[in-house]
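Descriptive structure summary
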Amino acid sequence: MSTKRRFVLYVIYAILGVALITVANFVNMSQSLQTYLASFGTALLAINVIKMLRFRAILADQEKAREYDTRMTEERTVFLVRRARSIVFYVSLMVQLLLAVVFQLLDQPVISQVFCYLTAAQGIGYFIVWRYLDSKY
Amino acid sequence: MKNRIEELRKLRGMTQQDLAKALNVSRQSVISLEKGKYNPSILLAYAIAKVFGTTIEEVFLFEEEPK
């Protein structure tokens, strides 16, 4: 994704944050939903404003913008992103299974089942995607 | 995989930044490639060989892993 397109994406996310805050404050809803939407909107807005400010500095300098663009799109970055996702996915599965066992031991079978189903769903999802990619490439 | 990127780069009087620019990658990538921490794709390997005016085999030293 080019630097400018990324910047536009941050602007859209920030607008979405503002929209969520507005909805939370002006639409009639339960207190818990209002708090949830307002905090989610605030977080979205804050993160993307910070990213936009960082980007403004980068975009002001042509050389910096080119370097940033290269850094974000080069094959090593793509490799690292994929590897990081893969590791996080694997660790998440292990943690979920561990939590399933822990909650079973704590006599909380429902929560334990939720973790088991979640892990199973992720495993099935992985298998389906793998089969699809295997047939595609 | 071992490679001769650093040696060939120095022979041609290029800095890591020069090579990074020629390959359209970051300097961090060049550092990783030189240290052999990252194995490039065939396209990048070809681009590296092209920058040095040589072949892929001259840049990358393929060693068969012991069975």
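Residues numbered from 1 in each chain as written. Chains lettered and ligands numbered in written order. Predicted model: local features only at pLDDT ≥ 70, side-chain atom pairs only at ≥ 80, totals over all residues. Heavy atoms only, no water.

**Quick look at the overall build of chain A**
Inclusion rule: Secondary structure counts use DSSP, requiring at least four H or I residues in a row for a helix and at least two E residues in a row for a strand, with both numbered from the N terminus. As defined in this context, the radius of gyration uses C-alpha atoms, and a globule is described by 2.2 Å times the residue total to the power 0.38. Exposure categories follow from relative accessible area, calculated using a 1.4 Å probe and restricted to protein chains: below 20% of the type maximum is buried, above 50% is exposed, and the middle band is partly exposed. Note on definitions: a residue-residue contact is assigned when non-hydrogen atoms from the two residues lie within 4.5 Å. In these tables, accessible area is a Shrake-Rupley quantity obtained with a 1.4 Å probe, and a residue counts as shielded only by the protein chains included in the view.
Within chain A, the regular secondary structure consists of five helices and zero strands. Counting helices and strands in the order they occur from the N terminus, chain A gives α-α-α-α-α. Over its C-alpha atoms chain A spans a radius of gyration of 21 Å, topping by over 25% the 14 Å that the globule rule assigns to 137 residues. C-alpha atoms of chain A, sized along the principal axes, occupy 60 × 50 × 25 Å. With 137 residues in all, chain A has 19% of them scored as buried. Long-range contacts, defined as pairs at least 24 residues apart, comprise 52% of the intrachain contacts of chain A with a sequence gap of at least 6. About 10,300 Å² of surface is accessible on chain A, with carbon and sulfur atoms providing 69% of the total.

**A look at the interface of chain B and chain A**
So the rule is basically this: Here the quantity called buried area is the accessible surface, traced with a 1.4 Å probe, that two parts lose on coming together, added over both. Salt bridge, as applied in this entry: a Lys or Arg side-chain nitrogen positioned within 4 Å of an Asp or Glu carboxyl oxygen. Pairs of N or O atoms are called polar contacts if they sit within 3.5 Å, as long as, within protein, a hydrogen donor faces a hydrogen acceptor (for residues adjacent in sequence, only side-chain-to-side-chain pairs). Just so you know the grouping, Ala, Val, Leu, Ile, Met, Phe, Trp, Tyr, Cys and Pro go in nonpolar, Asp, Glu, Lys and Arg go in charged, and all remaining residues, Gly too, go in polar.
Each partner contributes residues to the interface: chain B has twelve residues there, and chain A has nine residues. In this assembly, chain B packs against chain A so that about 880 Å² is buried in total across both faces, 45% of it on carbon and sulfur atoms. The three residues of chain B that bury the most area against chain A are B:Lys21, B:Ser26 and B:Tyr38, which together make up 47% of that side's buried surface. For the interface between chain B and chain A, the tally reads one salt bridge. With its nearest N and O atoms 3.8 Å apart, the salt bridge here joins A:Glu63 to B:Lys21. Remark: the boundary between chain B and chain A carries five residue pairs in polar contact (both at pLDDT 80 or more). Secondary-structure elements contributing two or more residues to the side of chain B that touches chain A are helix H2 (16–23) and helix H3 (27–34) of chain B. Sorting elements by how many residues they give to the side of chain B that touches chain A places H3(B) first, with three residues. For the side of chain B that touches chain A, the per-class residue count stands at four nonpolar, seven polar and one charged.

**Things to note about the packing of helix H3 (residues 62–73) of chain A against helix H4 (residues 75–105) of chain A**
Residues and elements named next belong to chain A. Which entries qualify depends on this criterion: The axes are straight lines fitted to the C-alpha atoms, using for helices just the contacting stretch, and the angles between their N-to-C directions are given from 0 to 180°. Small angles under 35 degrees read as roughly parallel and large ones over 145 as roughly antiparallel, with 65 to 115 read as roughly perpendicular and the rest as oblique.
As a packed pair, H3 and H4 sit with axes 5 Å apart at the nearest point and diverge in direction by 45°. The angle between H3 and H4 places the two elements in the oblique class. Contact residues: H3 offers Arg71, Met72 and Thr73, while H4 offers Glu75, Arg76, Thr77 and Val78. The class makeup of the residues in the contact of H3 with H4 is two nonpolar, two polar and three charged.

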